[in-house]
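Architecture and fold: a report
So the chains spell out like this:
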Amino acid sequence: MNNETTIFAREQKTDTMLNMVATVLNQPLKQLTLYYNKVLERELNIRQTLHLLNAQAAFVMTIMPADAPWLVRLLCAFWLVKALLGCKKVL
C-alpha cells in the first residue's frame, strides 16, 4: 500500500514537471504566433505557425548551402516543396 502511494506521488510530480516544461517551451511559440497574426492580419494557431516555420527552414536550407552536393540540394528542394504544400493545406 505504501509503495503504491509513493509511485502515485512520483507520477504526479512527473506530470507536474512535464506540464511546466511544456508551458515554458510553448511560450515563445505563442509569441511567434501572435507576431504572425499581426503580420498576416489573420488568426493562426500553433499548428499553422509550425508549418510556416518548417517552410522557412526548408527555404533557408535550399538556398544557403552553396557548396553542397547536388543530391543534398535536391533533397532540400523536395523538403521545400513538401513544406509549401503543407502550408497550403493548413492555411
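Higher on the page you've got the structure.
Quantities reported herein were computed from a predicted structural model and do not represent experimental measurements. (Residues numbered from 1 in each chain as written. Predicted model: local features only at pLDDT ≥ 70, side-chain atom pairs only at ≥ 80, totals over all residues. Heavy atoms only, no water.)

Focus on the packing of helix α2 (residues 46-63) against helix α3 (residues 70-90)
Here is the rule: Each axis is a line fitted through C-alpha atoms, and for a helix only the stretch in contact is used; angles between axes span 0 to 180 degrees, taken between their N-to-C directions. For helices the rule is a DSSP run of H or I covering at least 4 residues; for strands it is a run of E covering at least 2, with both sets numbered from the N terminus onward. By the definition adopted for this analysis, an angle is roughly parallel if under 35 degrees, roughly antiparallel if over 145, roughly perpendicular if from 65 to 115, and oblique otherwise. In this scheme, a crossing is called left-handed if the near helix is turned counterclockwise away from the far one by less than a right angle; it is called right-handed if the turn is clockwise. Contact between two residues is taken to exist if any of their heavy atoms lie within 4.5 Å; hydrogens are not considered. Each residue receives one of three labels: charged for Asp, Glu, Lys and Arg, nonpolar for Ala, Val, Leu, Ile, Met, Phe, Trp, Tyr, Cys and Pro, and polar for the others, Gly being one of them.
Between α2 and α3, the shortest axis-to-axis distance is 8 Å and the interhelical angle comes to 155°. Looking at the two axes, α2 sits roughly antiparallel to α3. For the pair α2 and α3, the crossing hand works out as left-handed. Together, R47, Q48, H51, L52, N54, A55, A57, A58, F59, M61 and T62 of α2 and C76, A77, W79, L80, A83, L84, G86, C87 and V90 of α3 make up the contact between the two elements. Split into classes, the residues belonging to the contact of α2 with α3 amount to 14 nonpolar, five polar and one charged.

Digging into the side chain of T49
Locating T49 in the fold gives a position in helix α2. In contact with T49, other than residues within four places in its own chain, are L29, L32, T33, Y36 and L44.

A closer look at the nonpolar core
Keep this limit in mind: Nonpolar core, defined: a set of buried Ala, Val, Leu, Ile, Met, Phe, Trp, Tyr and Cys residues in which side-chain atoms within 4.5 Å join the residues together. Accessible area is worked out with a 1.4 Å probe on protein chains only. A residue is then buried under 20% of its type maximum, exposed over 50%, and partly exposed in between.
Y36, L44, L52, A55, A58, L80, A83 and C87 form the largest nonpolar core, which has eight residues in total. Secondary structure elements with two or more residues in this core: α2 and α3. Residue contacts for C87: discarding those within four places in its chain leaves H51, L52 and A55.

A short note on α3
For the record, the criterion: Here the expected span of a helix is defined as 1.5 Å times the quantity of residues minus one. Regarding the arc, it is the one traced by the directions from the helix axis to the C-beta atoms.
For α3, built from 21 residues, the straight-helix expectation of 30 Å at 1.5 Å per residue is met to within 8% by its first-to-last C-alpha distance of 30 Å. Listed as buried for α3 are C76, L80, A83, G86, C87 and V90. Looking straight down α3, one finds that the buried residues subtend no more than 130° of arc, so they occupy a single side. Of the exposed residues in α3, the ones pointing more than 90 degrees away from its buried face are W70, L71, F78, K82, L85, K88 and K89. Buried-residue contacts for α3 involve α2.

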